Amino acid sequence: MENGVDIAKIDRFEKEIDNPAFLNKYFTKNEIEYISKKSKKAQTLAGLFCAKEAILKAFGMGIGREISLRDISILHDDFGKPYVEINSKLNYYLMKKNSQQICVSISHDGEYAIAFCVIN
């Protein structure tokens, strides 16, 4: 089992809400649509970014290595619980770790967003 965590100041993402270059570099089409529907867009953006970074940390990688942030897609179930869409690239790294699942949790409070990831 591996884990990773990331925290970020939400206001760091305020200026990126309407920045298509930033959004398309780090987020999938589904994530961008999800963000656009939220009332607290910067908070949502920060939380998703943290989740992606936490996943990279759990894999023992940094940004720009084998997996890019855009290779990771965070979706939400009917109750709003985040989950990771497993694509072929993520599946390859899961198999290398002899793991089958990536679990994430995202939270926000005040000025900060935080995400935690467990790979098992």
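Refer to the preceding data block for the structure.
Read on for a plain summary of the structure. (Residues numbered from 1 in each chain as written. Predicted model: local features only at pLDDT ≥ 70, side-chain atom pairs only at ≥ 80, totals over all residues. Heavy atoms only, no water.)

1. Structural notes on the overall build of the chain
Formally: Only DSSP runs of H or I reaching four residues or more are called helices, and only runs of E reaching two or more are called strands; each is numbered from the N terminus. Radius of gyration: over C-alpha atoms. The globule rule applied is 2.2 Å multiplied by the number of residues raised to the 0.38 power. Partly exposed residues are those whose accessible area sits between 20% and 50% of the maximum for their type, while under 20% is buried and over 50% is exposed, using a 1.4 Å probe and protein chains only. By the convention used here, residues are in contact when the closest approach between their heavy atoms is within 4.5 Å.
Of regular secondary structure, the chain possesses four helices and five strands. Along the chain direction, N to C, the helices and strands of the chain fall in the order β-α-α-α-β-β-α-β-β. Expected size for 120 residues packed as a compact globule is a radius of gyration near 14 Å; at 13 Å, the chain falls within 12% of this value. By principal-axis analysis of the C-alpha atoms, the chain measures approximately 40 × 30 × 25 Å. Looking at the 120 residues of the chain, the share that counts as buried comes to 42%. The contacts of the chain with a sequence gap of at least 6 include a subset with a gap of at least 24, amounting to 55%.

2. Observations regarding unusual backbone geometry
For Asn-98, which is not glycine, the phi dihedral falls at a positive 55 degrees. The topology assignment puts Asn-98 in the loop between helix H4 (88-96) and strand S4 (102-109). The exposure class assigned to Asn-98 is exposed, which follows from its relative accessible area of 73%.

3. Thoughts on the pairing of strand S5 (residues 112-119)
Definition in use: Strand pairing requires that DSSP identify at least two bridges connecting the strands.
As judged from the eight bridges shared by strand S1 (residues 2-9) and S5, these two strands associate in the antiparallel manner. Opposite Asn-3, over in S5, you have Val-118 as the bridge partner.

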